[in-house]
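Observations on the three-dimensional arrangement
Listed below are the residues making up each chain.
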Amino acid sequence: MKMNPWFFALALVAAAPFASAKTCPVAIEANDQMQYNLKEIKVGADCTEVEVTLKHVGKLPATAMGHNWVLAATPDMAAVANAGVAMGLANNYLHLPDARVLAHTKIIGGGETTSVKFSTSALKKGGDYSFFCSFPGHWALMHGKFLFG
Ligand code: CU1
């Protein structure tokens, strides 16, 4: 039995609203000079998920020059970073759970790569967000704007 092609066309149209999930990739690098290679990350409001991949292109170990990628509202950045200092490398220098932390990777050392995938459902279009590294002393240099919208 042969199916009517119009049936399939109608089925696809009907399913479209449920198939609108969109994962947007972001690639960022960090180095031994305590720097990210991006000052700003832009993500479209049509992205339902973001997958951030952090590559440490340096050579120093995580104990000396560890980096992660943490997302928070810009006014929360300093407090989140300060709260993480005492938590140590094993906790990725984050005091969790903390609702102010919107997403984060683990801390990595030179030559390593890590990633995090998160939903944008908690983000407000046009909101003031920043990404930063929570390794002690790094966030003041290692931060940038995260633009959603
Ligand atoms: Cu760092």
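In this report, we go over the structure that sits alongside the text. From a predicted model like this one, the values you see are computed outputs, not experimental measurements.

A complete count under the given rule lists 6 aromatic pairs for this structure. Aromatic pair Trp69 and Phe131: ring centres 6.0 Å apart, planes at 15°, arrangement stacked. With Trp69 in the loop between helix H2 (62-65) and strand S4 (70-73) and Phe131 in strand S7 (residues 129-132), this residue pair connects regions lying 62 residues apart in the sequence. Judged by its relative accessible area of 0%, Phe131 is buried. Seen from their ring centres, Tyr93 and Phe135 are 5.1 Å apart, and the 65° between their planes marks the pair as edge-to-face. Here Tyr93, found in the loop between helix H3 (77-84) and strand S5 (103-104), pairs with Phe135, found in the loop between S7 and strand S8 (143-148); they are 42 residues apart in sequence, far enough to count as distant. Like Tyr93, the residue Phe135 is buried in the burial classification. Taken together, the aromatic side chains of Tyr36, Trp69, Phe118, Phe131 and Phe146 make up a single cluster linked through ring pairs.

On to the environment of Met87, then. Within the element layout of this structure, Met87 appears in the loop between H3 and S5. On the basis of relative accessible area, Met87 is assigned to the partly exposed category, the value being 28%. For the pair Met87 and Pro136, spaced 49 residues apart in sequence, the C-alpha separation works out to 9.9 Å. If we skip the residues at most four places from it in the chain, Met87 touches Tyr93, Leu94 and His95.

What follows is about the coordination of the copper ion. The copper ion binds to the protein through His67 (ND1), Cys133 (SG) and His138 (ND1); the donor distances cover 2.1 to 2.2 Å. The sequence motif formed by the donor residues of the copper ion is H-x65-C-x4-H. Remark: His138 occurs in the loop between S7 and S8 and His67 occurs in the loop between H2 and S4; sequence separation between them is 71 residues.

All right, on to the pairing of strand S1 (residues 23-30) then. Only one face of S1 is covered, namely the face carrying Cys24, Val26, Ile28 and Ala30; the face carrying Thr23, Pro25, Ala27 and Glu29 is uncovered. As paired elements, S1 and strand S3 (residues 49-56) share 8 bridges and run parallel to each other. Bridge pairing in S3 links Ile28 to Leu54.

The next thing to look at is H3. Among the residues making up H3, those that are buried are Met77, Val80, Ala81 and Gly84. The buried residues of H3 occupy one face: seen down the axis, they fall within an arc of 95°. Of the surrounding secondary structure, the elements contacted by the buried residues of H3 are S4, S7 and S8.

The 5 strands lie next to each other as S2-S8-S7-S4-S5, forming an open sheet whose pairing is mixed. Unpaired on one side and paired on the other, strand S2 (40-43) and S5 mark the two borders of the sheet. Strands in contact with H3 are S4, S7 and S8; relative to S7, the strand with the most contacts, it is inclined by about 30°.

Quick notes on the rules
Residues numbered from 1 in each chain as written. Predicted model: local features only at pLDDT ≥ 70, side-chain atom pairs only at ≥ 80, totals over all residues. Heavy atoms only, no water. Phe/Tyr/Trp six-rings, centres within 6.5 Å; stacked < 30°, edge-to-face > 60°. Helix = DSSP H or I, 4+ residues; strand = E, 2+ residues; numbered from the N terminus. Buried < 20%, exposed > 50% of the residue type's maximum accessible area, 1.4 Å probe, protein only. Contact = heavy atoms within 4.5 Å. Donors = N, O, S within 2.8 Å, 3.2 Å for Na, K, Ca; no water. Pairing = 2+ DSSP bridges. Arc of directions from axis to C-beta. Axes fitted to C-alpha atoms, helices over the stretch in contact; angles between N-to-C directions.

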